[in-house]
Every structure is written in structure tokens, then in C-alpha cells.
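# Observations on chain architecture
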Amino acid sequence: MSKVNWNAFEALAGAATDNFEGLCRALIKRHYGQFGRFVALANQPGVEFHLKLDKPCSLGEVSRWWGWQCRWYEIRRGTAIGKTRRDKIVKAIQATEKCLPDLTDWVLWTRYPLTKGDQDWFYALPTSMKLHLWTAKDVEDHLSGSATIFRATYFGELILSPDNLSKLHHQAVASVQHRWTPDVHQVVNAEYELNRYVGNSASWEALHEIATRLKITANYVSNDTNDLPDSLTRSINEIVNTANLLASSLTEVYGTLNEGDFEALHSQLSIPRAQPENWQGFFRQLRRGNHPIILSTTNLVADIYAADDELRAIQKYLQTGLIAVVADAGCGKTQLAAQFTQAKDNQAPAGILLHGSSLSANDTLDSLVANSIVGMVQNHEKAPLQLNEQKG
């Protein structure tokens, strides 16, 4: 199999460090995710992602637990990593031992092989984990089988930068430009729901709003328990603790959503979180004692339930793989599609708009995608983009 074009990878939109981590994470999940529990969190201490095996595979037997730390060092091949980078590696290993004490295998994944001196230093680090060094060669070795698609999306003909996507969208909407007027477009419920399904952060601002209210109200309630008996104070502390944990979950999920890191987002949502309890008996005691704190506590518990509902909702929405918008002719489906797939400032790049009229009788959906996307990209790379806009 031919070598990959790392120059094309370095030219991708975004930081090479983030792209390298994203590629490595995608490769591991694609090849080994079915053999255990794969977790990738936005702020995972020590490693970017980890996999606990529950089935044997080429990584080892059941109970092996692998973690990967990906570092795209901006240094030339054969250059020592230096003291600062060494210190960060040591801190990462220590953080892993603290947060994931049962991890068995720790991988430092870099583009170039470390120098002999750095390798000797690395393998001599004191840790109970087995240390591994992976490089770009391991990336290329894993660009096979079901992961072959990543050759095209990270190194080849399916590389789509935000700029290219915007130009391709402009080309795709040319035939309907005469009846699509973005300046007077009004968002309807269908579009709002679609934005929630694709994880548009603007449609999930309630996550941030509820988290803010939880933090403020929890702080107020925890400082207003002086006149309560110990039994009620314990219940208040339990409610406040649940509120703070849910506020942290909401903040992390919303932050990851803003970054567009859906791999980490799915991992975050799969982790067990604080659950609301039945506090009716506690509230009856507050009412009997006529404690003023019942008002703010009621608001706090209401937001706890709202937080739980919102987290369940986003998990359900993002697990949906196919959405159909059905309406009679002339109801605005084409305008909705054009509007929905255009680039959104600081939120998302343009989407792919495919016209059903391009699908011939003997074609499949694969043919439509190949002709519409790959063909458009290849033509765009060979010649300047030509648009024949209709006037209307």
C-alpha cells in the first residue's frame, strides 16, 4: 500500500496537534473499539483516550487496559525532545496513575521516533504500567481495513477544508439561488430540531444556562442552612452536591459541543452521572417547619431535573443517525436544505447538499455521493470553480 501524504495532513484546517490526536483516536476506535470500552474525554488527565478490553484482540488479553497520549512535536526528525517535553510526559504518566490506577499499558504516540537517548530515558521511567512508543508508522499500519476511509479524509481526495466546503455549497445551491433568500430566512421548528440533531451548540444553550443557575442557586442554598436541624442540613448538602455535579457535567458537555469534538462528547454522555432522587419527604419536612429555604431549594431541585432531562435529550438526539423532513411540494424543503447546509459563523462549516435530481434510475446512493462529492472536489482542485447562477 502506498505511503500517506503527510504534507497534505499538515495542510489540513486546524492545529496539526488536534488533527493528529483526532486521527489516532479514530483509528483506535475503528480497529479496537468493539473489543472493549473505549473512552475519549475532552479533558482526560494523563491520556487523550483509553480502552479497557473485555474481549481478546491483537492488543492483548481481557483485562488489559490501554491509554494513549498523542504528541505532535514541531521538531525535525532525529531531534531530542528536551527537558520541558520530558517533564510534561512525566506529569502525564503521574496523572494517569492517579486517575486511572488500573491502566496496564501507556502509549506515547508521536510522529517521528524518539532519539535513542529519549527512548532510553522513556523506558526507564518508574511506573507500574508497561510503556510503549508509537509513531507515524503505526498510523500508516492502521490505515487499513475499515479504517481505509481515513486515508482519503486525512491524506487524500476526500479532504474537505471549511473554505472548500463553502465553495462547494455555493456551487450546489446555484440551481436554487433564485428561490433561496437567506437574508429574509426565518428559523422554523423543523430547522431548530435539525440543529439539535446535528449538535449545533446554539440549539443547546440551555445546557449552559441551566449549569449557571445550578451553580448560583447551589451556592446560595449551601450558605443558608444555619437555622436547619442536622437531619435537614444533610439532605440540603446532598441536593447541593448533586446540583454541583450536574452543573459540571453540563459545562463539560457544552464546552465539548462548542469545540465540535463529537467523539469525546459521546464518551462524556456515556459516563454514569449524578441522578436526581425523590426528595418529597424532605420538602414535606421543610414545609412543616416553615423554613424559608424551601423556595430556593425548590428552584434548585427543579433545575436538577431540568439538567437531567437536557442531558438525556442530547444523548438521544446525537444517537439518531437518519432524519427525514417530509412536506408537500412548495412548502420550503429546498430552502430549508440550502439554509441548513450553509456555513454558520464560528459554529460549523458548510454541509454537503445533494440534489435528488442528480440520481439516475440505475444509480445507487453511493453513486450519488461519489458523483456529487468526490467529483466536485476533484473538479474544484483541477480548475477554478465555475458557477452559472440563475437570476430570479
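Residues numbered from 1 in each chain as written. Predicted model: local features only at pLDDT ≥ 70, side-chain atom pairs only at ≥ 80, totals over all residues. Heavy atoms only, no water.

### Re the packing of aromatic side chains
What characterises a pair of aromatic rings is the spacing of the ring centres plus the angle enclosed by the ring planes. Where we set the bar: Ring geometry is summarised as follows: Phe, Tyr and Trp rings, the Trp one being its six-membered ring, pair when their centres sit within 6.5 Å, and such pairs are stacked at plane angles under 30 degrees, edge-to-face over 60 and tilted between the two. Put simply, DSSP H or I for four residues or longer makes a helix, DSSP E for two residues or longer makes a strand, and each gets a number counted from the N terminus. Burial status follows relative accessibility: with a 1.4 Å probe on protein chains alone, a residue under 20% of its type maximum counts as buried, one over 50% as exposed, and anything between as partly exposed.
Across all of its chains, the model carries 20 aromatic pairs by this definition. Plain terms: the ring middles of tryptophan 106 and phenylalanine 122 are 6.2 Å apart, the flat faces sit at 40° to each other, and that makes the pair tilted. Remark: phenylalanine 122 occurs in helix H4 (residues 116–123) and tryptophan 106 occurs in strand E4 (residues 105–110); sequence separation between them is 16 residues. Assigned by exposure class, tryptophan 106 and phenylalanine 122 land together as buried.

### Here's the deal with the packing of helix H3 (residues 82–99) against H4
Two quantities define a packed helix pair, namely the angle between the helix axes and the distance between the axes. Counted only if it meets this: A fitted line through C-alpha atoms represents every axis, and for helices the fit uses only the stretch in contact; the resulting angles, taken between N-to-C directions, go from 0 to 180 degrees. Geometric relationships in this document are graded by angle, where less than 35 degrees denotes roughly parallel, more than 145 denotes roughly antiparallel, 65 to 115 denotes roughly perpendicular, and other angles denote oblique. Left-handed describes a crossing whose near helix is turned anticlockwise from the far helix by less than a right angle; the clockwise case is right-handed. Any two residues whose heavy atoms approach within 4.5 Å at even a single point are treated as in contact. Three residue categories are used. Nonpolar comprises Ala, Val, Leu, Ile, Met, Phe, Trp, Tyr, Cys and Pro, charged comprises Asp, Glu, Lys and Arg, and polar comprises the others, including Gly.
H4 packs onto H3 with a crossing angle of 25° between their chain directions and a minimal axis gap of 12 Å. On the basis of their axis angle, the class for H3 and H4 is roughly parallel. For H3 against H4, the interelement crossing comes out right-handed. Where H3 abuts H4, its residues Arg86, Ile89 and Val90 lie against Gly117, Asp118, Trp121 and Phe122. Among the residues forming the contact of H3 with H4, the class breakdown is four nonpolar, one polar and two charged.

### Details of the nonpolar core
Formally: For our purposes a nonpolar core is just a set of buried Ala, Val, Leu, Ile, Met, Phe, Trp, Tyr and Cys residues, chained together by side-chain atoms within 4.5 Å.
Counting 37 residues, the largest nonpolar core has Leu207, Leu214 and Leu300 as its most contacted members. Among the secondary structure elements, those contributing two or more residues to this core are helix H9 (205–222), helix H10 (230–259), helix H11 (262–270), helix H12 (280–288) and helix H13 (293–318). The contact partners of leucine 300, leaving out residues within four places of it in the chain, are Leu214, Thr217, Ala218, Val221, Ile239, Val240 and Ala243. Residues Phe9, Tyr32, Ala136 and Ala147 belong to the second largest nonpolar core, which totals 35 residues.

### Looking at the pairing of strand E2 (residues 49–53)
Rules: Any two strands are treated as partners once DSSP identifies two or more bridges connecting them.
Among the five residues of E2, four are classified as buried, and the element is accordingly described as predominantly covered. Both strand E1 (residues 36–39) and E2 contribute to a ladder of four bridges, which runs antiparallel. Note on E2: the bridge partner recorded for arginine 37 is lysine 52. Here E2 runs beside strand E3 (residues 65–71); their pairing, made up of four bridges, is antiparallel. Within E3, the residue paired with phenylalanine 49 across the bridge is tryptophan 68.

### Re empty space enclosed by the protein
Test applied: Space inside and on the surface of the protein is sampled on a 1 Å grid over the protein atoms alone, with a cavity defined as a set of points where a 1.4 Å probe fits but cannot get out and a pocket as an open set with protein on both sides within 12 Å along at least 5 of 7 lines; lining residues have an atom within 4 Å of a point. Grid points are joined across faces, edges and corners, and a volume is the space filled by probe spheres set on the points.
Under the counting rule described, the total for this entry stands at two cavities of 30 Å³ or more. Each pocket or cavity is described by its volume, and for the largest cavity that value is around 90 Å³. Considering the residues around the largest cavity, the lining is formed by Tyr73, Ile75, Arg76, Gly78, Thr79, Ile81, Thr110, Arg111, Tyr112, Pro113 and Leu114. Grouping the amino acids of the lining of the largest cavity by side-chain chemistry returns six nonpolar, three polar and two charged.

### Topic: the sheet that holds E2
Pairing in this open sheet of five strands is mixed, and the strands run E1-E2-E3-E4-E5 from one edge to the other. Only two strands of the sheet have a single partner each, and these edge strands are E1 and strand E5 (130–134). For this sheet, the mean inter-axis angle between neighbouring strands, taken without regard to orientation, is 20°. Sheet analysis places E3 next to E4, joined by six bridges and oriented parallel. Counterpart to arginine 71 in the pairing with E4 is threonine 110.

Interpretation note: all reported values are geometric properties and have no functional meaning in isolation.
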